[in-house]
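What follows is the residue order along each chain.
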Amino acid sequence: MHELPQQLVNGLLLGSMYGLVAIGYTMVYGIVQLINFAHGEIFMTGGFGALTVWMMLPSGSTMWVALPLMLIGAVFVATTIAVAAERFAYRPLRNAPRLAPLITAIGLSIALQQAVWAWYPGATSSLVFPEIPGGPFHLGSITIQTGDIFLLIAAPISMAFLGFFVKKTRTGRGMQATAQDPDTAKLMGVNTDRIITTAFALGAVFAAVGAVAYGLKYGEVNFKMGFLLGLKAFTAAVLGGIGNIYGAMVGGLVLGLAETLTTVYVAEIPGLEQLGGQSWGNTWAFVLLILVLLFRPQGLLGQRVADRV
Amino acid sequence: MTALLEVEDLRVAYGKIEAVKGISFSVDAGQIVTLIGTNGAGKTTTLRTLSGLIKPRGGQIKFNGKSLKKVPAHDIVALGLAHSPEGRHIFPRMTIEDNLLLGAFLRKDKEGIQQDVQRAYDLFPILGERRKQAAGTLSGGEQQMLAMGRALMSRPKLLMLDEPSMGLSPIMMQKIMATIAELKAQGTTILLVEQNAQAALSLADQGHVMEIGNVVLSGPGRELLVNEDVRKAYLGED
């Protein structure tokens, strides 16, 4: 066993990025029962939004000035696209059979990827994302890469904000009500259309934070980055119990840990040497999903209170 | 004096099937008006149309002199029309207190809201004892109390109750009916939909008997209670 604490930290960091993106899946699903497969691409456009802001800034700008502006750019782009998608692609299908919005989501996902590929200058290959200067950060035997520091700070703040928003604000209560019973929410005076828009927008905000974290972590953005990451984030949402926002974060962390630990340690199990390493990390992550769904189909934090009728 | 609620020739359809076929009735301020009738008579459809969840195919709905036909559901409660739906529809995974607060979703007067939460607890002490509990854990009767308490939180001019006695034990049903009488005594105007004709007519100033989408008989509650046809059809006498 080498560096277990280090691997745990790596896993949690990776997992919190999954969690940030998973929130968007779970929130939209909780309210309109739609798996928004374009959410991975909304995440991706957030990355490009941040990069665009960086390129518009005068050269030599320090990251401490640039990063907040990049974050605003990411949030702006991702939110605009998510809200437009809801308004023009999903809302007209609100009362259509479930398959229709699902297919629309997949179509939108491909369309967004291809639009960035075709129209964003240079996006046919990966584009370099700016780095936070300075060396890695040491905490005892644990090293945190500079690119991960943003995630370390942003993920807990985002979660705390989300928890506060949903539990304590009026809109948050309206959101919970709409998720549980949309018609009755209307009877209470909740404008459910506005709540649905808010859910898409809020999901996009967290995806945009995740996208900036991704750019800083891997040093690049590309038009396909939303595909695998979106799939992982969706997995995290299902793992945690889709519809449950805390589940999304827990699912993300569990998935990140599982992926990191299996990547490192499976190869050390005698006889399984070929099943470890980077190329198998994704496989193990999805094996975990299948196992959880077999034994706990509602996910780790799925519905705890029985609904009596 | 004009009526608080005026319904004229209201027609509602699901696709080609007309569920409400041109009914008219009115509710005066301070009254209890009841719609009785069997399953499928169109009572629930009528209430859901009044609160904007279903768009009518024809006719007029005037509340406080204003037409409701173009008003979206979430704005209707702001006009003073509250609806406690059939089957209670409390928010099961929220606490009792949060359920009540949702009833006051459009209100901004924090103090008044707190007073009204307290008033709901005075009316139904069991809710106060369990205020932090998830509403889904309540019994059917307690959920009914919560649904009524929640509807009152908007300080409605007109409270619509859909089958408040459904599925309740006789004791619980008496308690709910006593509460309705109490609300009336406090000045609340109520439109009550019930399958329990006996209980509803005893409370009502005015009653309307519905059958497959039509109002077939109307009159003061006490008169309908002794009406031969009503007794035969709804009160189980032959």
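All of these numbers come straight from a predicted model, not from anything done at the bench. Here the residue index of a chain counts from 1 through its sequence in written order. Labels are handed out in written order, letters beginning with A for the chains and numbers beginning with 1 for the ligands. Local features in this predicted model are restricted to residues whose pLDDT is 70 or higher, and side-chain atom pairs enter the listing and the counts only when it is 80 or higher, whereas totals over whole chains, interfaces and linings include all residues. The side-chain values count all of the structure's non-hydrogen atoms but skip hydrogen atoms and water molecules.

Turning our eyes to something else, we now look at helix H6 (residues 140-152) of chain B. Labels follow the DSSP assignment, with helices taken as runs of H or I lasting at least four residues and strands as runs of E lasting at least two, numbered in each case from the N terminus. For a helix, the expected span equals 1.5 Å multiplied by the residue count minus one. Along its 13 residues, H6 of chain B runs 19 Å from first to last C-alpha, staying within 8% of the 18 Å computed at 1.5 Å per residue. Think of it in three bands: residues with accessible area under 20% of the maximum for their type are buried, residues over 50% are exposed, and the middle band is partly exposed, with areas taken using a 1.4 Å probe on protein chains only. Those residues of H6 of chain B that sit buried are Gly 141, Glu 142, Gln 143, Gln 144, Met 145, Leu 146, Ala 147, Met 148, Gly 149, Arg 150, Ala 151 and Leu 152 of chain B.

All names here are of chain B. Only strands that DSSP links by at least two bridges are regarded as paired with each other. With antiparallel pairing, the four strands of this open sheet are ordered in space as S2-S1-S4-S5. Only two strands of the sheet have a single neighbouring strand rather than two, namely strand S2 (17-27) and strand S5 (66-67). Across the sheet, helix H1 (residues 43-50) is in contact with strand S1 (5-14), S2 and strand S4 (58-63); its angle to S1 comes to roughly 110 degrees. Whether two residues are in contact is decided by their heavy atoms, any of which lying within 4.5 Å being enough. Geometry is summarised by axes, namely lines fitted to C-alpha atoms with helices restricted to the contacting stretch, and by angles between N-to-C directions that run from 0 to 180 degrees.

Another point: the packing of helix H1 (residues 4-32) of chain A against helix H6 (residues 170-180) of chain A. Residues and elements named next belong to chain A. Put simply, H1 and H6 touch, their axes get as near as 6 Å, and they point 60 degrees apart. If you check the angle between H1 and H6, you find them oblique. In this structure, H1 uses Met 27, Gly 30 and Ile 31 to contact H6, whose residues at the interface are Met 175, Thr 178 and Ala 179. Side-chain classes are defined by residue name, with Ala, Val, Leu, Ile, Met, Phe, Trp, Tyr, Cys and Pro counting as nonpolar, Asp, Glu, Lys and Arg as charged, and the others, Gly among them, as polar. When grouped by side-chain class, the residues that make up the contact of H1 with H6 number four nonpolar, two polar and no charged. An angle counts as roughly parallel when it lies under 35 degrees, as roughly antiparallel when it exceeds 145, as roughly perpendicular when it falls between 65 and 115, and as oblique in every other case.

A separate point is the pairing of strand S6 (residues 81-84) of chain B. Residues and elements named next belong to chain B. Neither face of S6 is open: one carries Leu 81 and His 83, the other Ala 82 and Ser 84, and all of them are buried. Here S6 pairs with strand S7 (residues 158-162) via four bridges, running parallel. Along S7, the bridge assignment pairs Leu 81 with Leu 158.

A few words on the interface of chain A and chain B. On the side of chain B, 28 residues touch chain A, which itself brings 22 residues to the contact. Buried surface area refers to the total accessible area, computed with a probe of radius 1.4 Å, that the two partners give up upon joining, counted for both partners together. Carbon and sulfur atoms make up 59% of the area that chain A and chain B hide from each other, which totals about 2,500 Å². On the chain A side of the interface with chain B, the three residues burying the most area are Gln 180, Leu 187 and Met 188 of chain A, jointly 29% of the side's total. When a carboxyl oxygen of Asp or Glu is within 4 Å of a side-chain nitrogen of Lys or Arg, the pair counts as a salt bridge. There are one salt bridge connecting chain A and chain B. For the salt bridge of Asp 183 of chain A with Arg 48 of chain B, the shortest nitrogen-to-oxygen distance reads 2.8 Å. Any pair of N or O atoms that falls within 3.5 Å is considered a polar contact. Within protein, one atom must be able to donate a hydrogen and the other to accept it, and sequence-neighbouring residues count only if both atoms are side-chain atoms. Across the chain A-chain B interface, the total number found is four residue pairs in polar contact (both at pLDDT 80 or more).

For the rest of this paragraph, the subject is the sheet that holds strand S9 (residues 206-211) of chain B. In a beta sheet, neighbouring strands pair by backbone hydrogen bonds and run either parallel or antiparallel. All names here are of chain B. Read across the open sheet, the six strands follow the order S6-S7-S8-S3-S9-S10; overall the sheet is mixed. Each having just a single partner strand, S6 and strand S10 (214-220) make up the two edges of the open sheet. Averaged over all pairs of adjacent strands, the angle between strand axes in this sheet comes to 15 degrees, irrespective of strand direction. Two elements, S7 and strand S8 (residues 189-194), share five bridges in a ladder whose sense is parallel. Counterpart to Leu 161 in the pairing with S8 is Leu 192.

What the rule picks out here adds up to 12 salt bridges over all chains. The salt bridge partner of Arg 94 of chain A is Glu 86 of chain A, with a shortest N-O separation of 2.8 Å. Judged by its relative accessible area of 31%, Arg 94 of chain A is partly exposed. Among the salt bridges present, the one from Asp 116 of chain B reaches Arg 155 of chain B, with a minimum N-O distance of 2.8 Å. Of this pair, Asp 116 of chain B sits in helix H4 (residues 110-123) while Arg 155 of chain B sits in the loop between H6 and S7; the two residues are 39 residues apart in sequence, bridging distant segments of the chain. Taking the relative accessible area as the measure of exposure, Asp 116 of chain B reaches 7% and is therefore buried. One network of salt bridges, in which partners are shared, links Glu 86, Arg 91, Arg 94 and Asp 193 of chain A.

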